[in-house]
Amino acid sequence: MWVAVTERFRRLDVALLATNEQITDARTKIAGIVRCLNAAYYDLASDVDHGRLVGSWGKATQIVHSEDVDLLFELPFATYQRFAAYAGNGQSALLQEVKGVIEARYPNTRLRGDGQVVVVGFNSLTVEVIPAFPTVAGQFQICDTHDGGFFKLTDPAAQVMALDVSDLLKNENARRLVRMLKAWKHICNVGIKSFQIEILVPDFLNQSAWANYGFFYYDWLVRDFFAFLLSRTNGWVWVPGTNEVSALGEGWAPAARRAYEAAVVACVHERDDRVGEAGDEWRKIFGQAIQRD
């Protein structure tokens, strides 16, 4: 029984990986932005120093559908002092300054400041630049322009570590499952945040009976994750390395319910080796990325 499960989910895992062309394109655009910011803030000709990939690209959870790349750029402490001294919303002024620096290098590219980032809209992808100031504890202070403006802590290394530990302890299933769920989010237009999925998956694997197995158990892993996710409706998650709590809300729950119901049916079909019927149900979750038979 279950003749198709292993190959079906193994191929899905491969199909979701970003292509070499996407990776090269992202690296090229990141290098150009880092170089222009280094020139402006450090008088330095480098396309590497002070920049780091964060978000899904920094955590190696990006998928072929990913169109946004998050770049954290470390600014000098003197810049922090200059904008922290503003009487009102120095964070917004800082974003506008960084936007101006990038705009001078890319005058024909769409740019805007947006809450915590400068959005650089290239034709092939969007780079979200996060101006940041390192702390002695290894975290970063980043801008938030809401509510009059303030600086908030983020800890990219702690977020990566949470996935590293889960992958180490759970047979490298954390990032694989995250990527699959991001595909569901994309295909079904689900209103849950990607970073919340990245936090929820290690929590789920810690209590799953199938977490240490390979692709043969992925039908049950996917099914059980949706049940777990539904149990967290209107709950919250702690953002690793900070005291920040992120509310999960409930807007995504109907899509999660439909995915769970499809997965339950798919698991029965997989058990009975009704390969095509199982594939039809999985495609309600993952679209054409998953093989039907």
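Bear in mind the structure is a predicted one, so any value in this text is a computation, not a measurement.

We now examine the packing of helix α10 (residues 253-271) against helix α11 (residues 275-286). In contact at an axis separation of 8 Å, α10 and α11 are set at 160 degrees when each is read in the N-to-C sense. In terms of their interaxial angle, α10 and α11 are classed as roughly antiparallel. Of the two possible hands of crossing, α10 and α11 adopt the one that is left-handed. Within the contact between the two elements, α10 uses Ala259, Ala262, Ala263, Val265, Ala266, Cys267, His269 and Glu270 and α11 uses Glu277, Ala278, Glu281, Trp282, Lys284 and Ile285. Among the residues forming the contact of α10 with α11, the class breakdown is 9 nonpolar, 1 polar and 4 charged.

Our focus in this paragraph is the environment of Cys267. With respect to the helices, strands and loops of the structure, Cys267 is situated in helix α10. Cys267 gets classed as buried once you look at its relative accessible area, which sits at 5%. Note: C-alpha distance between Cys267 and Val222 (45 residues apart in sequence) is 9.6 Å. Once you skip the residues sitting within four places of it in the chain, Cys267 turns out to touch Trp2, Asp219, Trp220, Arg223 and Trp282.

In this model, Trp2 sits at a positive phi of 55 degrees, which is unusual for a non-glycine residue. With respect to the helices and strands, Trp2 occurs in the segment before α1 (5-15). If you check the backbone angles, Ala60 has positive phi at about 60 degrees while not being a glycine. Mapped onto the elements, Ala60 comes out in the loop between α3 (55-59) and β2 (68-74).

On to α1. All of the buried residues in α1 are Val5, Arg8, Phe9, Leu12 and Asp13. End-on, the buried residues of α1 take up no more than an arc of 130 degrees, which puts them together on one face. Its buried side turned inward, α1 meets α7 (173-187), α9 (218-231), α10 and α11.

Below, the discussion takes up the nonpolar core. By size, the foremost hydrophobic cluster in this structure holds 49 residues, and its most contacted members are Phe9, Trp184, Trp282 and Phe286. Residue contacts for Trp184: discarding those within four places in its chain leaves Asn189, Val190, Ile192, Phe226, Leu229, Ala255, Ala256, Ala259, Ile285 and Phe286.

A surface patch of nonpolar side chains, about 420 Å² in accessible area, is lined by Met161, Val165, Leu168 and Leu169. Within the element layout of this structure, Val165 appears in helix α6 (residues 156-169).

Here we come to the pattern of salt bridges. If you walk through the whole model with that rule in mind, you get 22 salt bridges. Of the charged contacts in the structure, one is a salt bridge between Asp280 and Arg292, with a shortest N-O distance of 2.7 Å. Of the two residues, Asp280 sits in helix α11 while Arg292 sits in the segment after α11, which places them 12 residues apart along the sequence. With a relative accessible area of 31%, Arg292 lands in the partly exposed category. A salt bridge links Glu281 to Lys284; the shortest N-O distance between them is 3.1 Å. Of this pair, Glu281 and Lys284 are both found in helix α11, 3 residues apart, which corresponds to roughly one turn of the helix.

Turning to the packing of α1 against α7, a few remarks are in order. Where α1 meets α7, the closest approach of the two axes is 10 Å, and the angle between their N-to-C directions is 80 degrees. Between α1 and α7, the crossing angle belongs to the class labelled roughly perpendicular. Together, Phe9, Leu12 and Asp13 of α1 and Arg176, Arg179 and Met180 of α7 make up the contact between the two elements.

Any pair of aromatic rings gets described here by the distance separating the centres and the angle formed by the planes. Evaluation of the coordinates by the stated rule reveals 25 aromatic pairs. The interplanar angle of 50 degrees and the centroid separation of 4.9 Å between the aromatic rings of Tyr80 and Phe151 together place this pair among those described as tilted. In this pair, Tyr80 is assigned in helix α4 (residues 77-84) and Phe151 in strand β7 (residues 150-154), connecting sequence segments 71 residues apart. Assigned by exposure class, Tyr80 and Phe151 land together as buried. On the numbers, 4.9 Å between centres and 70 degrees between planes, the contact of Trp184 with Phe226 is edge-to-face. With a gap of 42 residues between them, Trp184 in helix α7 and Phe226 in helix α9 connect regions that are remote in the sequence. The burial state of Trp184 is the same as that of Phe226; both residues are buried.

Cut-offs applied
Residues numbered from 1 in each chain as written. Predicted model: local features only at pLDDT ≥ 70, side-chain atom pairs only at ≥ 80, totals over all residues. Heavy atoms only, no water. Axes fitted to C-alpha atoms, helices over the stretch in contact; angles between N-to-C directions. Helix = DSSP H or I, 4+ residues; strand = E, 2+ residues; numbered from the N terminus. Parallel < 35°, antiparallel > 145°, perpendicular 65-115°, else oblique. Left-handed = near helix turned anticlockwise from the far one by under 90°. Contact = heavy atoms within 4.5 Å. Nonpolar A, V, L, I, M, F, W, Y, C, P; charged D, E, K, R; others polar. Buried < 20%, exposed > 50% of the residue type's maximum accessible area, 1.4 Å probe, protein only. Arc of directions from axis to C-beta. Core = buried A, V, L, I, M, F, W, Y, C linked by side-chain atoms within 4.5 Å. Patch = residues over 30% accessible without salt bridge, like charges linked within 9 Å, V, L, I, M, F, W, Y side chains within 5 Å. Areas by Shrake-Rupley, 256 points an atom, 1.4 Å probe, with all protein chains shown as cover. Salt bridge = Lys/Arg side-chain N within 4 Å of Asp/Glu carboxyl O. Phe/Tyr/Trp six-rings, centres within 6.5 Å; stacked < 30°, edge-to-face > 60°.

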